[in-house]
Each structure stands twice: as C-alpha cells, then as structure tokens.
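Each chain, written out:
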Amino acid sequence: MAPFVYRITPYDPADLDAAAGRDSTFIAYDSRERVAAACMAAVAGFALDAAVEQVTIDNPMAEGFFSFSVLAGRGGHGLSGLFPYDSVGFHDGARVPLTTGLGLLRAMVLREGAWCRLQADNGFFVHVGDRDDIYVGGGRDQENAVSRTRILGLFADRVASSPYDPALDETDASRAADEEFWSEVGALVADRGGVLLEERPSGNAYRWHRLTAAHEVEAVHERLTPRARLAVWPDLTDDVEAIRAAVVRGERLHLLVRQHPGGGFHRACVAEPGMGRADGPNPQITAGPGHRVALVPLERADRHPLLAAVLPDGDGVLRARWRTNRSRAEERRTFLGSLRVGEAVTGVVATGLNDIGVYVHLDDDLGRFLGFLRVPEMSWTRFDSADDIAPIGREVRAEIISIDFAQEQVSLSMKALQPDPWQHYADTHKGGDTVSGTVTKLVPFGAFVQVEEGVEGLVHLTELVDHDVEYPQEVLAVGDQVRVAILDVDRQRRRISLSLKRAQPE
C-alpha cells in the first residue's frame, strides 16, 4: 500500500462517516456535474504532481443489472467518447492516457455505470467509492495537491488506507485459459454438438458465443477481450416451453440468454417470472425457427459451469486477479431475489414524488428506496393527498405486485391487503335497490354519489329529474344527502349507474 493516501469528498468527512450504513448519497442530482468537474480537477492535480501520464485499468465494471450506478447505464455507462464501440479497450490491465482515466473518474462520480480502479507504475492510484468518496495514493506527500483540492471546494484529508486496496480483494483460484482448456472446449463441442461460451470482459458485463464446430472455437478464441473471464455452459435450447416454465417458477436468479434466428444475441437480462408468460402482448421468450434460449445462474453459489477459466496475457502468464468481494449491488440483488410477488412486506415511507407516489424503505437495510407505492394503490377510499395515507416516516404494510430487476424497483399496493369495498357492494346490491348516498362531485353529464365508503355511482343528467335540465347544479349540490335507485352494476368496468328521479315517491 502507498505510504500516502488521501480521501477526497464533497462534504465534511464526519458526515461521510455517519453515512456509512446508508445507500443514499448527499449530492443533489443537479449538483453532481459541478462536483464531478471539481473532482476531476483535484485528481488531475495529484496525478500531475506525481508525474503520471498513463494509468492502468484494474477490475473494471461496465454496467450490470444491479449496477454500481444510480442511473444504470446512463450515457453509454460513461464510456462513450472514451472507448470505441462496444467498450473495446475497457478491460483489466489496459493502459490508457491520464485524460481517459479522468474521463472514467467523471463517469464514476456521475454514477453512469462504469467503475474501475486506476493505478500507475510508480504506485499512484485512484479509487472511487460508493459513498461519493475518492481515494488517491502515492509514494510521497502531496500537500500542494491537497491545498488545491480544498480551494476547489472539496475536502481532502490524510487517511490510513483505501478500503478498495487490491490487497483486501477476495479472489478465486483461477485456471488459465491455455491450450489444454481450449482442447477441452473442443471436446465438449464434439461430444455435445454445441456449447454456450460466456465471456465476461468486465465485472458485470456479458458477451455470448455459441460454439457448434471446432473451427468456431478457434475463431472465437482469437477475438476475446484480454483477461476476460470465461465459462462454458450447456448449449442453448429451442424448447421454449421448458424455459418459460422455469422462468415462471422463479426458483433462483438467472440471466435470460436469447439467440435470434440471425445467429446474434439479444441483450441478456434478468429472467423475471413475467417474461415466461405466453399470454403477454410482447413475449420475451419467443418460439420459432432459429430462436434458442438458455438460463445462466447469476448467484455465485448457483453457478456450476462445465468449464471456467481466465484469459492469460499474451506471454501465457495469468495476471488478472478478479475480485470476488460481494458488493452492495450484489447484496441488493440477493435481497431482490428473495422477494416474491404477492408477499406482504413492511416498510417506511422515504420520500414522495409529487402526486405520482412515494418511495419506501423496505425492512432490510439493503432495501432502501427499493419500494414504490403509487397513489392509486394506496387506498380504495377517496383521499385528497398522499400525505393523508402515506406521509414520510410512516410505517406501511403493503403487498408486492411486481418486481422490476432492471430498475431495482418493487411496486407495492396497500389496498391489495384491504377488502375491496366495490366488490363487496356489488355482491350485496343489485339493480332496483334503493339506497342512500352523498353527492361528492358534479360534472357536466351528471353527479357522482358515494353510496358507501369507497364506492361511488353516477347519476346521469337524464336521471336527475323528470324534466330536462342543462346542468346538475340546477338540482343538486356537493354534500347533499340523497336517495337513489340502482339501475345497473357493471362488474367488468366497475361502474354503478344510479337514478335520482326513480327513487322519489310517486
């Protein structure tokens, strides 16, 4: 570890330490660009004082389903303009100019998806943390750079070490993808008729290759990303129904790998149960000639490939040391995977989003801001404001109605746990009944009358009185207590038609 390590933050380090147990960050969205510019300038000062012109990328992550990013994958994961199409050149061990390294720093501060450690031959390094903290180290005191950093409006203080020090990495004993490995791949292809090769060029990015003949093995080998992690899985299948059934069961987290008839692959995504439903308007798992599908486990404990290895460098030496430390993102992924649609959960309302709904911290500390409760799902009864039902800080109990793995959002419904007053009313009333109610709203075509808590019906303009009226205000006012006759109960459209004039004594 370098003898001099500094932590740079946009706020007081005491506040940073107090936030150690939270997922949320302090920097407002509209301030992050300004903070990113200041961080780039500060780190550039440290690098120039250390005479650094090039840096090496270590353990990169491009993007993932449970990304380091708050806005997953925004702006090409921050790599657009820094690397060619498909992030070529963004890999472990790649040497890039300092300007490219500063561009990566900006992407990390903006949380656009990309993450990596940067290091130089003289011991200089840059690590960006997940709490808006940056660690810069080197072989000598850099108090001049510290002073410039403080002028930029940032805090910079000496610390003992970086929590992202490679010495703290947990790593697996990796096999080198050598000649013996590729001979075994070829034997599997010959024996099985085909296999699926998973290439992971960075921490949580995937590329797929279907190998069905010996010459394909050699061709794919030549175009793999340096130091990529490889895994060989059983071949894709055209048995779409079996895959759909497995996805609907949702017994574990899988990647859904789909090959289209042209031979290319769709973007891999988490296999959510809804994708397996054949009755959906836009099925994710498509049947037909040339369509092939596979499910690849996501959780490390579930992953048992046929073969696994890491690409060595050109001289045959295996230098890549891929860290296996569970990140907060992976822990949140596991937490999401433990939830089930239809399950009741308890959480605390975190913040509101105008009149759309509120975010909810779920019970687990990994579930901060994961829940979202929309206004229509708060209550069966009428209310004026979300604050009446779910004010910030209130503990609420709700049912999970959907889980969006890509957006890391759990949709909740409080009213799903409450009896539906409309259905109860429909079960106990029929056309011809006369009931009491309260006028709640007047509209050009009639009046709405609440006949029971959470249940309203419409008295059409023609059903107010025996003679013609132009406006309902000529007959009724909001708050009036009235007797009305039920004309029709439409269960499918959840509508009740009422008549004021037919309920009057003759």
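Note that the structure is predicted; figures quoted are calculated from it, not measured. (Residues numbered from 1 in each chain as written. Predicted model: local features only at pLDDT ≥ 70, side-chain atom pairs only at ≥ 80, totals over all residues. Heavy atoms only, no water.)

Re the overall build of the protein chain
In terms of helices and strands, the protein chain carries 10 helices and 24 strands. In terms of C-alpha radius of gyration, the protein chain reaches 30 Å, well past the compact-globule figure of 23 Å for 506 residues. The C-alpha extent of the protein chain, read off along each of the three principal axes, is 100 × 65 × 35 Å. Taken over 506 residues, the protein chain has a buried fraction of 48%. For the protein chain, long-range pairs separated by at least 24 residues make up 70% of all intrachain contacts whose partners lie at least 6 apart in sequence. Seen as two clouds, the 54 positive and the 75 negative side-chain charges of the protein chain have centres 1 Å apart. (Helix = DSSP H or I, 4+ residues; strand = E, 2+ residues; numbered from the N terminus. Rg over C-alpha atoms; globule rule 2.2 N^0.38 Å. Buried < 20%, exposed > 50% of the residue type's maximum accessible area, 1.4 Å probe, protein only. Contact = heavy atoms within 4.5 Å. Lys, Arg positive; Asp, Glu negative; His and termini not counted. Charge placed at Lys NZ, Arg CZ, Asp CG, Glu CD.)

Focus on the nonpolar core
Taken as a class, soluble globular proteins show a tendency for nonpolar side chains to be buried jointly. Counting residues in hydrophobic clusters, the biggest one holds 49 residues, and the most contacted among them are Ile 8, Ile 57, Phe 90, Leu 104, Phe 124 and Ile 134. Among the elements of the structure, β1 (4-9), α2 (32-49), β2 (54-61), α3 (98-109), β4 (115-119), β5 (125-128), β6 (134-138) and α4 (143-151) are those that each provide at least two residues to this core. It is α2 that contributes the most residues to this core, nine residues altogether. Not counting the four nearest positions on each side in its chain, Ile 57 is found in contact with Phe 83, Gly 89, Phe 90, His 91, Asp 92, Gly 93, Ala 94, Val 96, Leu 104, Cys 116, Arg 117 and Leu 118. In terms of nonpolar packing, the next biggest core, distinct from the first, is built from 38 residues, Trp 208, Ile 403, Phe 405 and Met 414 among them. (Core = buried A, V, L, I, M, F, W, Y, C linked by side-chain atoms within 4.5 Å.)

Overview of the sheet that holds β1
Adjacent strands of a sheet form backbone hydrogen bonds with each other and so pair up, either parallel or antiparallel. Ordered by their spatial adjacency, seven strands build an open sheet running β3-β2-β4-β5-β6-β1-β7, and the pairing between neighbours is antiparallel. If you trace the sheet from one side to the other, it starts and ends with β3 (95-97) and β7 (155-159), each paired once. The average angle at which neighbouring strand axes cross in this sheet is 30°, direction not considered. In terms of strand pairing, β2 meets β3 through three bridges, oriented antiparallel. (Pairing = 2+ DSSP bridges. Axes fitted to C-alpha atoms, helices over the stretch in contact; angles between N-to-C directions.)

Section: the sheet that holds strand β16 (residues 357-362)
In space, the five strands of this closed barrel follow the order β15-β16-β17-β19-β18, with mixed pairing throughout. Each strand of the sheet is rotated relative to its neighbour by a mean of 50°, with strand direction disregarded. Here strand β17 (residues 371-374) pairs with strand β19 (residues 409-413) via three bridges, running parallel. Looking at the pairing, Phe 372 lines up with Ser 411 of β19.

Observations regarding the packing of aromatic side chains
Under the defined criterion, the tally for this structure stands at eight aromatic pairs. An aromatic cluster of three or more residues is present, and its members are Trp 115, Tyr 135 and Tyr 164. Taking NZ or CZ as reference, Arg 229 lies 4.3 Å from the ring centre of Trp 322, over its face. Here Lys 415 stacks its cationic end above the ring of Trp 380, 4.5 Å away from the centre of that ring. (Phe/Tyr/Trp six-rings, centres within 6.5 Å; stacked < 30°, edge-to-face > 60°. Lys NZ or Arg CZ within 6 Å of the ring centre and 35° of its normal.)

Observations concerning α2
Taking 1.5 Å of rise per residue, 18 residues should cover 26 Å, and α2 covers 26 Å from first to last C-alpha, within 8% of that figure. Taken together, the buried positions of α2 are occupied by Arg 32, Val 35, Ala 36, Ala 38, Cys 39, Ala 42, Val 43, Ala 44, Gly 45, Phe 46 and Ala 47. Contact partners of the buried residues in α2: β1, α3, β5, β6 and α4. Remark: Ala 51 follows α2 within two positions and exhibits a positive phi of approximately 60°. (Expected span 1.5 Å × (residues − 1).)

So, the side chain of Arg 227
Its place among the elements puts Arg 227 in the loop between α6 (214-222) and β10 (229-234). Polar side-chain contacts of Arg 227 include one of 2.9 Å to the side chain of Asp 313. Ignoring sequence-local partners within four residues, the contact set of Arg 227 consists of Asp 92, Gly 93, Val 310, Leu 311, Asp 313, Arg 319, Ala 320 and Trp 322. (Polar contact = N/O pair within 3.5 Å; in protein donor to acceptor, adjacent residues only side chain to side chain.)

Quick look at unusual backbone geometry
The phi angle at Asn 59 is positive, at roughly 50°, despite the residue not being glycine. In this structure, Asn 59 sits in strand β2. The phi torsion at Arg 494 lies on the positive side, around 55°, for a residue other than glycine. Residue position: Arg 494 is located in the loop between β23 (481-490) and β24 (495-499).

Focus on the environment of Gln 142
If you trace the backbone, Gln 142 turns up in the loop between β6 and α4. In the structure, Gln 142 is positioned 335 residues away from Ala 477 in sequence and 76 Å away in space, judged by C-alpha atoms. If we ignore the near neighbours within four places in the chain, the residues touching Gln 142 are Tyr 6, Phe 46, Asp 49 and Ala 50.

Some points on the pairing of strand β22 (residues 455-460)
For a regular strand, the rule is simple: side chains alternate between the two faces of the sheet. Alternating residues of β22 divide into Val 455, Gly 457 and Val 459, all buried, and Glu 456, Leu 458 and His 460, none buried. Bridging between strand β21 (residues 446-452) and β22 involves six bridges; their strand directions are antiparallel. Bridge pairing links Glu 452 to Val 455 in β22. Here β21 folds back onto β22, and the loop between the two strands holds two residues, one of which, Gly 454, carries a positive phi near 85°. The pairing of β22 with β24 spans two bridges and is parallel. Residue pairing across strands places Leu 458 opposite Ser 497, the latter belonging to β24.

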